[in-house]
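# Residue-level structural notes
Below are the chains, spelled out letter by letter.
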Amino acid sequence: MEIRDLRPEEADRAVALWEECGLTRPWNDPHADLTRALGGASSTVLAALRETQVVGTAMVGHDGHRGWVYYLAVAPGLRRGGIGRHLMRASETWLRDRGVPKMQLMVRQGSADVVGFYATLGYTDQETVTLGRFLDPTLEARRRAGVEQPT
């Protein structure tokens, strides 16, 4: 298995993998997220490849002090084979090589298996709450529509 920066021509496969893994949300444009990450000086998307096939991804970036990982995805049929672990280690190395001292990630509530995976890699609850707000009212309206249950 090879892990390297995702190439622009592989973007559609990465987004399809994110969708297949249930990582996308209606209020986030995954293609725009990917384009921003690949175009940023402090971010990238790492790809795990078997032969020529993208079988995993990890979006990694930093603010100089804290690194973050998003869109960690492994093709469903290949899970529990070490790809996610290798992507996380590659993300840590990418950040360490840039002098970033800490790595963080967010897990959606109710994802006990995912939390368990990260715990096996040494990640712990940092006893913080992540708050956010969309600055674009259209995106906020999409988020609300995507999470509110019909009455």
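Cut-off values and rules
Residues numbered from 1 in each chain as written. Predicted model: local features only at pLDDT ≥ 70, side-chain atom pairs only at ≥ 80, totals over all residues. Heavy atoms only, no water. Helix = DSSP H or I, 4+ residues; strand = E, 2+ residues; numbered from the N terminus. Rg over C-alpha atoms; globule rule 2.2 N^0.38 Å. Buried < 20%, exposed > 50% of the residue type's maximum accessible area, 1.4 Å probe, protein only. Areas by Shrake-Rupley, 256 points an atom, 1.4 Å probe, with all protein chains shown as cover. Lys, Arg positive; Asp, Glu negative; His and termini not counted. Charge placed at Lys NZ, Arg CZ, Asp CG, Glu CD. Axes fitted to C-alpha atoms, helices over the stretch in contact; angles between N-to-C directions. Parallel < 35°, antiparallel > 145°, perpendicular 65-115°, else oblique. Left-handed = near helix turned anticlockwise from the far one by under 90°. Contact = heavy atoms within 4.5 Å. Nonpolar A, V, L, I, M, F, W, Y, C, P; charged D, E, K, R; others polar. Salt bridge = Lys/Arg side-chain N within 4 Å of Asp/Glu carboxyl O. Expected span 1.5 Å × (residues − 1).

A count of helices and strands for the protein chain gives five helices and five strands. Counted from the first residue to the last, the protein chain has its helices and strands arranged as β-α-α-β-β-β-α-β-α-α. Relative to the globule expectation of 15 Å for 151 residues, the C-alpha radius of gyration of the protein chain, 16 Å, shows essentially globular dimensions. Seen through its C-alpha atoms, the protein chain measures out along the principal axes to roughly 45 × 35 × 30 Å. Counting across all 151 residues of the protein chain, residues that qualify as buried make up 35%. Here the protein chain has roughly 9,600 Å² of accessible surface; of this, 49% comes from carbon and sulfur atoms. Side-chain charges in the protein chain split into 19 positive and 19 negative, and the spacing between the mean points of these groups amounts to 3 Å.

Moving on: the packing of helix H1 (residues 11-20) against helix H2 (residues 30-39). At a minimum axis distance of 10 Å, the contact between H1 and H2 shows a crossing angle of 125°. Relative to H2, the element H1 is oriented oblique. Note that H1 runs across H2; the crossing there is right-handed. Taken together, the residues of H2 that come into contact with H1 (itself represented by Ala11, Asp12, Ala14, Val15 and Trp18) are Pro30, His31 and Leu34. In the contact of H1 with H2, the residues fall into six nonpolar, one polar and one charged.

In this section: the pattern of salt bridges. Applying the stated criterion across every chain, the model contains five salt bridges. With a closest N to O distance of 3.7 Å, Glu2 and Arg4 form a salt bridge. The class for Glu2 is partly exposed, based on a relative accessible area of 41%. For Arg4, a relative accessible area of 14% corresponds to the buried category. With a shortest N-O distance of 2.7 Å, Glu10 and Arg4 are connected by a salt bridge. A single burial state applies to Glu10 and to Arg4, both of which are buried.

Here we come to helix H3 (residues 83-96). Between its terminal C-alpha atoms H3 stretches 20 Å, which fits the 20 Å expected from 14 residues at 1.5 Å a residue. Regarding H3, the residues found buried are Ile83, Gly84, Leu87, Met88, Ser91, Glu92, Trp94 and Leu95. If you follow the buried residues of H3, they end up packed against strand E1 (2-5), strand E2 (43-50), strand E3 (53-62), strand E4 (66-74), strand E5 (102-105) and helix H4 (112-120).

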